[in-house]
Amino acid sequence: MSLICIEGVGGVGKTTLLERLKDQIPCIPFFEDVEANPFLHDFHQDHTQYAIHTQCTFLLLQERRFRAATIQARGNVGVQGRRKNVVAHVQGTPEASVICDFHPFKSRIFSSVLLTPEKREPLRQLYRLLHIPEPDLVIYLRTDVHTLLARLRKRPIVFPSEADITYIMQMCEAYDAFFRRYKGNFVTIDTTALGYEEQITKLVLQEGTVKNE
């Protein structure tokens, strides 16, 4: 199975895309449970005091969820697993991909905006100690700041800090900077225009076919 992650700034459409993909193509979805973080509400009331607690907790929650996705995607190894891949390829029905609407490296991106350099280091050390595997592909969704702001304002519940244009600009810049350095396999897709979902659907199907060859 292919292990694919969808990443990008909040409001860019990661979860919405995965919700639609799971109804259109053979895939096993893994959604991030943001509300499981007990520090989230306090963080939105006071970024300074709760940022380090929030980001470290997010990292641990994301790692646990991503580890489950990794086991699902790469658990079947050996002769039997390879035979299943060959049969699927011959029949023209690629094995379902495992797709996450997050990757734990997002905590490092958020920390670059929210934490001072000295407070980032403990989180970086924790990330290294967790030995988080790389996915087969990251789909990096991006769009312009004003489109993000408009999408966020349509959400039922939005904290004022999430819809702050300065914060959104900083996060967009942090994501772009991260992917300029990222060494893994990724593709960038602009979600501003309509039709990007069809592009990604084809991309995921192609990724599944490649991994089964």
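Our subject in this report is the structure included herewith.

Conventions we followed
- Residues numbered from 1 in each chain as written.
- Predicted model: local features only at pLDDT ≥ 70, side-chain atom pairs only at ≥ 80, totals over all residues.
- Heavy atoms only, no water.
- Phe/Tyr/Trp six-rings, centres within 6.5 Å; stacked < 30°, edge-to-face > 60°.
- Helix = DSSP H or I, 4+ residues; strand = E, 2+ residues; numbered from the N terminus.
- Buried < 20%, exposed > 50% of the residue type's maximum accessible area, 1.4 Å probe, protein only.
- Lys NZ or Arg CZ within 6 Å of the ring centre and 35° of its normal.
- Contact = heavy atoms within 4.5 Å.
- Expected span 1.5 Å × (residues − 1).
- Arc of directions from axis to C-beta.

Considering the packing of aromatic side chains
- Tallied over the entire structure, the rule returns 11 aromatic pairs.
- With centroids separated by 5.9 Å and ring planes inclined at 80°, the aromatic side chains of phenylalanine 105 and phenylalanine 179 adopt a geometry described as edge-to-face. Linking phenylalanine 105 in the loop between strand S3 (97–100) and helix H5 (106–114) with phenylalanine 179 in helix H8 (residues 165–181), this pair joins segments that are 74 residues apart in sequence. In terms of burial, phenylalanine 105 and phenylalanine 179 fall into one category: buried.
- For the ring pair phenylalanine 179 and phenylalanine 186, a centre distance of 5.1 Å and an interplane angle of 45° mean the geometry is tilted.
- Looking at phenylalanine 179, the relative accessible area reads 5%, which means it is buried.
- Stacked on the ring of tyrosine 127, the Lys or Arg arginine 108 has its end atom at 4.8 Å from the ring centre.

Considering the environment of leucine 141
- With respect to the helices and strands, the residue leucine 141 is situated in strand S4 (residues 137–142).
- Each residue touching leucine 141, except ones within four places of it in the same chain, is listed here: Ile6, Glu7, Gly8, Val9, Val12, Gly13, Lys14, Leu17, Ile189, Thr191 and Ile200.

Section: helix H6 (residues 117–130)
- With 14 residues, H6 extends 20 Å from end C-alpha to end C-alpha; this agrees with the ideal 20 Å at 1.5 Å per step.
- Of the residues making up H6, those classed as buried are Arg120, Leu123, Tyr127 and Leu130. Buried positions in H6, seen along its axis, are confined to an arc of 80° and lie on one side of it. Along H6, exposed side chains directed more than 90 degrees from the buried face belong to Glu118 and Leu129.
- Residues of H6 that are buried make contact with helix H3 (47–74) and H5.
- Downstream of H6 by a residue or two, histidine 131 has a phi angle that is positive, lying close to 50°.

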